[in-house]
Amino acid sequence: QMHLVESGGGLVQAGGSLRLSCAASGGPFSSYNMAWFRQAAGKEREVVAAISWTTEVTYYEESVKGRFTISRDNAKNTVYLEMNSLKREDTAVYYCAAGMSLGYLQIEVQKYDYWGQGTQVIVSS
């Protein structure tokens, strides 16, 4: 049973930056694909970025390409999301998720097995 804890959220002005972290424990972190999802008020949870267990493959949702960077440190059992040039529409609760490797980098909510409790990001104008 993997336990995930996010940190780094907060209130930031548009154009600013935040770095989210997700610390994992209780499972073979280096064998899991990792992803960041977000859920804005009244909307469905959506994938923001994902990274394979090998770190060789990454995925970014179109609206965050060029602004967000996902990375992981398998030695520290931690995955990061560097968010730059933040926009009001990035406001959401951000969740870290871990999914067993399926031979490809999955981006669907239902294909992730473990979830953190979420961290709120609010971008003000």
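Overview of the structure.

## Thoughts on the overall build of the protein
Check the secondary structure of the protein and you find 0 helices and 11 strands. In the protein, the succession of helices and strands from N to C terminus is β-β-β-β-β-β-β-β-β-β-β. A compact globule built from 125 residues should have a C-alpha radius of gyration of about 14 Å, and the protein, at 13 Å, falls within 12% of that. Dimensions along the principal axes, computed over C-alpha positions, put the protein at roughly 40 × 25 × 25 Å. For the protein, buried positions account for 43% of its 125 residues. Put simply, 60% of the contacts in the protein that link residues at least 6 apart link residues at least 24 apart. Total accessible area on the protein stands at roughly 6300 Å², and carbon and sulfur atoms take up 49% of it.

## A look at the state of the cysteines
Scanning the model with the defined rule gives 1 disulfide in all. Paired through a disulfide, Cys22 and Cys96 show a sulfur-sulfur distance of 2.1 Å. Residues Cys22 and Cys96 are joined through a disulfide that is left-handed, its torsion about the S-S bond being -75°. Taken as a pair, Cys22 in strand S3 (residues 18–25) and Cys96 in strand S9 (residues 92–100) lie far apart in primary sequence, 74 residues in all. For Cys22, a relative accessible area of 0% translates into the label buried. Look at Cys96 and you get buried, because its relative accessible area is 0%.

## What about a nonpolar patch on the surface?
Residues Met100, Leu102 and Tyr104 make up a contiguous nonpolar surface patch of about 300 Å² in total accessible area. On the accessibility criterion, Tyr104 (39% relative accessible area) is partly exposed.

## Let's talk about the sheet that holds S3
Strand pairs in the sheet, formed through backbone hydrogen bonds, run parallel or antiparallel to each other. Ordered in space as S1-S3-S8-S7, the 4 strands form an open sheet in which the pairing is antiparallel. Of all strands in the sheet, those with a lone pairing partner are strand S1 (3–7) and strand S7 (68–73), marking the two edges. Across the sheet, the axes of successive neighbouring strands diverge by a mean angle of 15°, strand direction being ignored.

## Some words on the nonpolar core
Counting residues in hydrophobic clusters, the biggest one holds 29 residues, and the most contacted among them are Leu4, Met34, Trp36, Val79, Leu81, Met83 and Tyr94. Ignoring anything within four residues of it in the chain, the contact list for Met34 reads Leu4, Phe29, Ala49, Ala50, Ile51, Ile70, Arg72, Val79, Cys96, Ala97, Ala98 and Tyr112. Of all hydrophobic cores here, the second largest spans 7 residues; its members include Ala35, Val47, Ala97 and Leu105.

## Some points on the environment of Leu86
Here Leu86 is to be found in the loop between strand S8 (78–83) and S9. Residues within four places of Leu86 in sequence aside, it is in contact with Val12, Ala14, Gly15, Gly16, Ser17, Leu18, Arg67, Phe68 and Val123.

## Some thoughts on unusual backbone geometry
Located in the positive-phi region is Thr55, a residue other than glycine, with phi close to 70°. Examined against the element boundaries, Thr55 turns out to sit in the loop between strand S5 (46–51) and strand S6 (58–60).

## A few points about the pattern of salt bridges
Pairing is possible between side chains that carry opposite charge, provided their charged atoms lie close to one another. Throughout the structure, instances matching the rule amount to 5 salt bridges. The partner of Arg38 in a salt bridge is Glu46, and the shortest N-O contact between them spans 2.8 Å. Judged by its relative accessible area of 6%, Arg38 is buried. Residue Glu62 is joined to Lys65 by a salt bridge in which the shortest nitrogen-to-oxygen separation is 3.1 Å. On the basis of relative accessible area, Lys65 is assigned to the partly exposed category, the value being 48%. Because the salt bridges share partners, they merge into one network encompassing Arg38, Glu46, Arg67 and Asp90.

Reading the values: rules and limits
Residues numbered from 1 in each chain as written. Predicted model: local features only at pLDDT ≥ 70, side-chain atom pairs only at ≥ 80, totals over all residues. Heavy atoms only, no water. Helix = DSSP H or I, 4+ residues; strand = E, 2+ residues; numbered from the N terminus. Rg over C-alpha atoms; globule rule 2.2 N^0.38 Å. Buried < 20%, exposed > 50% of the residue type's maximum accessible area, 1.4 Å probe, protein only. Contact = heavy atoms within 4.5 Å. Areas by Shrake-Rupley, 256 points an atom, 1.4 Å probe, with all protein chains shown as cover. Disulfide = S-S within 2.5 Å. Patch = residues over 30% accessible without salt bridge, like charges linked within 9 Å, V, L, I, M, F, W, Y side chains within 5 Å. Salt bridge = Lys/Arg side-chain N within 4 Å of Asp/Glu carboxyl O. Pairing = 2+ DSSP bridges. Axes fitted to C-alpha atoms, helices over the stretch in contact; angles between N-to-C directions. Core = buried A, V, L, I, M, F, W, Y, C linked by side-chain atoms within 4.5 Å.

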